[in-house]
Amino acid sequence: GMQSYLQALLSVYKLFCPEQVTITLPGKTKTYFKNSEGPWKAAITAVRQRNQGTSPLSQAVFLGTSQPQSRKRKWNAQLVIPASSTNTNNLEEDREKSSVQLYSANESFPVEQLRTFPQLLQNIHCLEFPSQMGSVLTNPLLLHYMNCVKDESIYLRLYYWMGQRLQEECTWCVVDNPNEEEFKSFLDTIYKAECFLQEGLAGCEEFLYRTLPLWDGVCCRSEVLRLVSWIPLSSVSDIKSYLYDPLAQLFYTSSIYFKCSVLETLKELLQNWLNCNVIQVDSEFSS
């Protein structure tokens, strides 16, 4: 059966090799064996200590669950999106070969050599995505390729990578995180990629739904609201509970500037929904 610990193990496999896990895992349940009251207890404790001027919490808080800060980040580490690179084995083989424009059908074109749009067109049949999917966000040519090749495994890899990175770096869920500017830059990069693709990314959508209830409306305000404008169209109940309700709580207690910003964001959200719907109708009509 689908016990929670098996789902947790399978989700780890799906993070690295999504094409190997063919079953559907629950999309909204990402944490296992966590206390359901942990988020509120940790959030209340953080607010109390901050208002009382006592020492800050020594543990990171994501969605209120007390966790040690990620050991992947060292004291001098930065939130850097990896450069485009293919698998190591392929790179070793490619270094031994002469640089040619067209590759045969059984060879993959290394993304390090992808420089121009004509190269993309010539080698689109043998192009391989990089090992670190995060590098796709800053590469327009790979975003073009991602838009043309509707491969579910590509979106799954990006979904799991983005979800993990957003969880570890979220400034309003990690107590006293000093890297707010880096996180703002990261959110801005995601927004630019979504504008390029003309669609919202599932990993970003889930991050917003999970963290908006804990958002204070101040931290990374413009970046968060811009990402909200690209949330995909879903059921009315989901939109109300995960988007409208958290924004409404901030809306009624905030300044006029924030109210206008929220209204502008919802207007852009509606425009994006209408544009996507028109594209879908046109494609169905033409087919």
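Residues numbered from 1 in each chain as written. Predicted model: local features only at pLDDT ≥ 70, side-chain atom pairs only at ≥ 80, totals over all residues. Heavy atoms only, no water.

Points about helix H5 (residues 140-148)
Counting along an α-helix, one turn takes 3.6 residues, and residues three or four places apart therefore face a common direction.
Moving on, step 1. Turning to H5, its buried residues number three or more, namely Leu141, Leu142, Leu143, Tyr145 and Met146.
Moving on, step 2. Where the residues of H5 are buried, they touch helix H4 (117-122), helix H6 (152-169) and helix H7 (180-197).
Moving on, step 3. Of the residues flanking the start of H5, the one acting as N-cap is Asn139, its side-chain oxygen 3.1 Å from the backbone nitrogen of Leu141. (Buried < 20%, exposed > 50% of the residue type's maximum accessible area, 1.4 Å probe, protein only. Helix = DSSP H or I, 4+ residues; strand = E, 2+ residues; numbered from the N terminus. Contact = heavy atoms within 4.5 Å. Polar contact = N/O pair within 3.5 Å; in protein donor to acceptor, adjacent residues only side chain to side chain.)

Here's the deal with the pattern of salt bridges
Side chains that differ in sign of charge can pair as their charged atoms come close.
Moving on, step 1. Counted by the stated rule, this structure contains seven salt bridges.
Moving on, step 2. In this structure, Glu180 and Lys184 form a salt bridge, with 3.9 Å as the shortest nitrogen-oxygen distance. With Glu180 and Lys184 both in helix H7, this residue pair falls four residues apart, about one helical turn.
Moving on, step 3. For Glu180, a relative accessible area of 29% puts it in the partly exposed group.
Moving on, step 4. Lys267 serves as the salt-bridge partner of Glu264, at 3.4 Å between the closest nitrogen and oxygen. You can see Glu264 and its partner Lys267 sitting in helix H11 (residues 256-286), three residues apart, about one turn around the helix.
Moving on, step 5. According to the relative accessible area criterion, Glu264 is partly exposed, its value standing at 36%.
Moving on, step 6. With relative accessibility at 42%, the residue Lys267 sits in the partly exposed group.
Moving on, step 7. The network of salt bridges with common partners includes Glu180, Glu181 and Lys184. (Salt bridge = Lys/Arg side-chain N within 4 Å of Asp/Glu carboxyl O.)

Thoughts on the environment of Glu168
Moving on, step 1. The residue Glu168 is located in helix H6 in this model.
Moving on, step 2. For Glu168, a relative accessible area of 17% puts it in the buried group.

Note that all results are geometric; they support no functional claim without further evidence.
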